[in-house]
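Architecture at a glance
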Amino acid sequence: MQGLKKSILVSLWFMFLTFPLMVIRIDSLNGTIDWRWENMLGMGAGSFVLSFVWRFMMARKEAGRAAAAGGVMSARGAWFERLRSDPKAAVPALAVILAVFLVLPWLVSTYQTNIMISALLYVMLGLGLNIVVGLSGQLVLGYVAFYAVGAYSYAILNSNFGLGFWSVLPIGGAMAALFGILLGFPVLRLRGDYLAIVTLGFGEIIRLVLENWSDFSQGPSGIANIDRPGLFGTQLSVSDATTYIYYLILAAVIVTIVAVTRLKNSRIGRAWQALREDEIACQAMGIDITTTKLTAFALGACWAGFAGVIFAAKTTFINPASFTFLESAMVLAMVVLGGMGSVIGVSVGALVLILLPEYLRAFSEYRMLIFGATMVLMMVFRPQGLVSPGRTKYNVPDAEGAGAAAARPAAGGNA
Amino acid sequence: MDWQYFWELFFGGLTRGSIYALIALGYTMVYGIIELINFAHGEVYMLGAFTALIVAGALGIYGFPALAILIIAAVVAVIYCAAYGLTLEKIAYKPLRDAQRLSPLISAIGMSIFLQNYVILAQTSDFMPFPNLVPQPEFLEPIAHIMGASEVLIIVTSAVAMAALTLFIKYTRMGKAMRATAQNRKMAMLLGIDADKVISLTFVIGSSLAAVGGVLIASHVGQVNFAIGFIAGIKAFTAAVLGGIGSIPGAMLGGLVLGWCESFATGYISSDYEDALAFALLVLILIFRPSGILGKAKTQKV
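None of the values given here were measured: they were computed from a predicted structure.

A word on the overall build of chain B
Tallying secondary structure elements over chain B gives 11 helices and 2 strands in all. Ordering the α and β elements of chain B from the N terminus gives α-α-α-α-β-α-α-α-α-β-α-α-α. Across its three principal axes, chain B shows a C-alpha extent of roughly 55 × 50 × 35 Å. Across the 302 residues in chain B, those meeting the buried criterion constitute 57%. Restricting to contacts in chain B with at least 6 residues of sequence separation, those with at least 24 account for 78%. With an accessible surface of roughly 12600 Å², chain B has 66% of that area assigned to carbon and sulfur atoms.

Things to note about the confidence of the model for chain B
Counting all residues, the mean pLDDT for chain B is 85, and 97% of those residues have values of 70 or more. Of all the helices and strands in chain B, helix H11 (residues 274-288) of chain B carries the lowest mean pLDDT, 80, while helix H3 (residues 66-93) of chain B carries the highest, 90.

With respect to the interface of chain A and chain B
Between chain A and chain B, the contact holds 59 residues from the first and 58 residues from the second. Summing both sides of the interface, chain A and chain B together bury roughly 5300 Å²; the carbon and sulfur share of this comes to 77%. The interface formed by chain A and chain B includes 0 salt bridges. Inspection of the chain A/chain B interface yields 7 residue pairs in polar contact (both at pLDDT 80 or more). Mapped onto the side of chain A that touches chain B, the elements with two or more residues apiece are helix H1 (2-17), helix H2 (19-23), strand S1 (24-27), strand S2 (32-35), helix H3 (37-69), helix H9 (192-212), helix H15 (325-338) and helix H17 (367-381) of chain A. Top element by residues in the side of chain A that touches chain B is H9 of chain A. It accounts for 13 residues. In terms of residue class, the side of chain A that touches chain B is made up of 43 nonpolar, 8 polar and 8 charged.

Focus on the pairing of S2 of chain A
Residues and elements named next belong to chain A. Pairing of S1 with S2 involves 4 bridges; the strand directions are antiparallel. Note that in S2 the partner of Ile26 across the bridge is Ile33. What sits between S1 and S2 in their antiparallel hairpin is a turn of 4 residues, with Gly31 showing a positive phi close to 70 degrees.

Things to note about the nonpolar core
Side chains of a nonpolar character, in soluble globular proteins, are inclined to be buried together. Core analysis: the largest hydrophobic core is formed by 219 residues, its most contacted members being Leu332 of chain A together with Phe39 and Tyr118 of chain B. Shared between two domains, this core takes at least three residues from each, and those domains are domain 1 (2-69) and domain 2 (80-381) of chain A. Apart from the residues lying within four places of it in its own chain, the contact partners of Phe39 of chain B are Leu141, Ile197, Leu200 and Phe325 of chain A together with Tyr27, Tyr93, Leu105, Ala108, Ile109, Ser112, Phe230 and Ile234 of chain B.

Digging into unusual backbone geometry
The phi dihedral of Thr316 of chain A is positive, around 60 degrees, even though this residue is not glycine. On the secondary structure map, Thr316 of chain A appears in the loop between helix H14 (289-315) and H15. A positive phi is found at Glu35 of chain B, a non-glycine position, where the angle reads about 55 degrees. Turning to its location among the elements, Glu35 of chain B is positioned in the loop between helix H1 (3-34) and helix H2 (41-61). Given the relative accessible area of 34%, Glu35 of chain B is considered partly exposed.

Observations regarding the pattern of salt bridges
Scanning the model with the defined rule gives 8 salt bridges over all chains in all. Measuring nitrogen to oxygen at the nearest pair gives 3.2 Å for the salt bridge that ties Arg207 of chain A to Glu211 of chain A. In this pair, Arg207 of chain A and Glu211 of chain A are both assigned in helix H9, 4 residues apart and thus about one turn of the helix distant. Its relative accessible area of 24% is what places Glu211 of chain A among the partly exposed residues. The partner of Lys235 of chain B in a salt bridge is Glu262 of chain B, and the shortest N-O contact between them spans 3.4 Å.

Regarding the packing of H2 of chain B against H3 of chain B
Residue and element names in this part refer to chain B. Their axes nearest at 8 Å, the elements H2 and H3 cross at an angle of 145 degrees. The handedness of the crossing between H2 and H3 comes out as right-handed. Note on element contacts: H3 touches H2 through Ile69, Ile72, Ala73, Val76, Ala77, Tyr80, Cys81, Tyr84 and Leu88, opposite Val44, Leu47, Gly48, Thr51, Ala52, Val55, Ala56, Leu59 and Gly60. Considering only residue class, the contact of H2 with H3 consists of 15 nonpolar, 3 polar and no charged.

Rules behind the numbers
- Residues numbered from 1 in each chain as written.
- Chains lettered and ligands numbered in written order.
- Predicted model: local features only at pLDDT ≥ 70, side-chain atom pairs only at ≥ 80, totals over all residues.
- Heavy atoms only, no water.
- Helix = DSSP H or I, 4+ residues; strand = E, 2+ residues; numbered from the N terminus.
- Buried < 20%, exposed > 50% of the residue type's maximum accessible area, 1.4 Å probe, protein only.
- Contact = heavy atoms within 4.5 Å.
- Areas by Shrake-Rupley, 256 points an atom, 1.4 Å probe, with all protein chains shown as cover.
- pLDDT = per-residue confidence, 0-100.
- Buried area = accessible area lost by both parts, 1.4 Å probe.
- Salt bridge = Lys/Arg side-chain N within 4 Å of Asp/Glu carboxyl O.
- Polar contact = N/O pair within 3.5 Å; in protein donor to acceptor, adjacent residues only side chain to side chain.
- Nonpolar A, V, L, I, M, F, W, Y, C, P; charged D, E, K, R; others polar.
- Pairing = 2+ DSSP bridges.
- Core = buried A, V, L, I, M, F, W, Y, C linked by side-chain atoms within 4.5 Å.
- Domains from an automatic or database assignment.
- Axes fitted to C-alpha atoms, helices over the stretch in contact; angles between N-to-C directions.
- Left-handed = near helix turned anticlockwise from the far one by under 90°.

Next comes the structure, spelled out in structure tokens:
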């Protein structure tokens, strides 16, 4: 009963709140007002139902928190944990997924393959941003700038000097990494939200330069007729080229996944995670914060650079409009949705956020609305994302093992 | 030196700066109390402009006089923005009060994207013309060559709004509670201040000021679309940081300085990089003097 009253109040509030924007539409040419009362009814009903859902979710979140505090772990997601940690289950699962991806272009149309290509590009971008945001905890909002650097490196080197895809791929990555370090140096002292805003500013500056420096980047009209990647000098038809790029990006994604997984458990990866958890404690442990942050920036940016080169080669046309803040926010949404720091999570997040709107065409205009709402709701109800990153645990079986484990970090500290 | 051109730019910068200052106040007050960059604040400003546009359009059709339309539209926009600010805080920030530091920021970005698309879907993604509602009274004729009536209105209104805010913060009970909460939230709560109420009030005041800014700029520029909030928000944030985030006089000063910088740079140098200037300024301040002009440098507590 109490809940019913609350929900009625909520729905009245939202009907009031959305009244001018949702109900009134001015037709200034004819001088008439279009009253859309049906929207208000929909709004009232929608918010009435949603307020129940909201309270239910809140109650569940509180219950979950209480359970966690009491030391009770939920059984939810246990099968997934097993799938991830038990090699007997994980290897066949991975093999099946890989096989599906390998045969995909032969089963679907060129158009579908193109969608898959952009989805995989976003997986790559998401994994790159995951290094910076998820692993090392530095919130970068201008990530798309590095993507732009990669794409423009290829476009400019290709159209001016005729360099091919394969020779520019490392150059694009290196250029982006260089920009990552250039950005990283001045912002070393900043943290948290300040860092986020400065990187946002950096991203916008790069875009504005590309838009205004016409001699260099041909301004808003962009660069067209970029070469597709070559395959030992053979000329490919458009559909064959699409398939070829699909395999290329698939290979790149696999390399990225392997590299990021290996990095995550490496010395530098552990340093990143320590940095994320607590900067001061991390420094006290003898980790060089400057190097750690800069490598995170450089490596994260480098992947965006690679993705940029592939993007330019895929679309054969780029302009600054492809590199707006919204793009950065979208990549960030993928990382957040999937689970910051989790490789599987980010890949799944990117695929979901790109493929779902493609196949739910009826909702395509609501796409960004849902994007925004998802980001808010994820933060409120499940800040760890769909797949919370697994933590590496070290089991110490006996006293000898404990001695060896204790000796290792000490040796590392001296190095 | 061409003095008339100089004064034109000077007052142009003052006008711009006043608007930035009005929006910056919302950022700085919220940051002062809960240390959150309310990324969706620019969107509230945009919503204010849009609400005013709709109300003005409707009243125009019913044949109200221009000045009445302007006043009613402004009042409605302020009420609605206050309501939006309140709702925003309840949905996107309040549940995250104890979360990690990045969570509210991401939630704020999500909210900003959501609100932009809400306006696109509910109204339009095109530029909408805003009717010219500010009369040109005779006593302003002598200065008409350097500034129009709408510029005078902007400068006067923002000055009044900022003076009222300063008095409110300084002399009322609630203002005192706000200052106390900004200084130390836990201690303020121990002394019987309802911190949730203070935070809500901060959002309401900040959003109302943004609404005033939105209405003023819409009637000055003459057009509105869903994207105006993003760039204005970033610039106002720059102004807040420039003045020293958390400091109310700082936000006002920062807004004016930024307005003049932009106005003179576009007037004397080039207008190509108008937007990049604010970003570059922001990056430079944050790197060299993160505490801003009036802010105090904080020591890092371990």
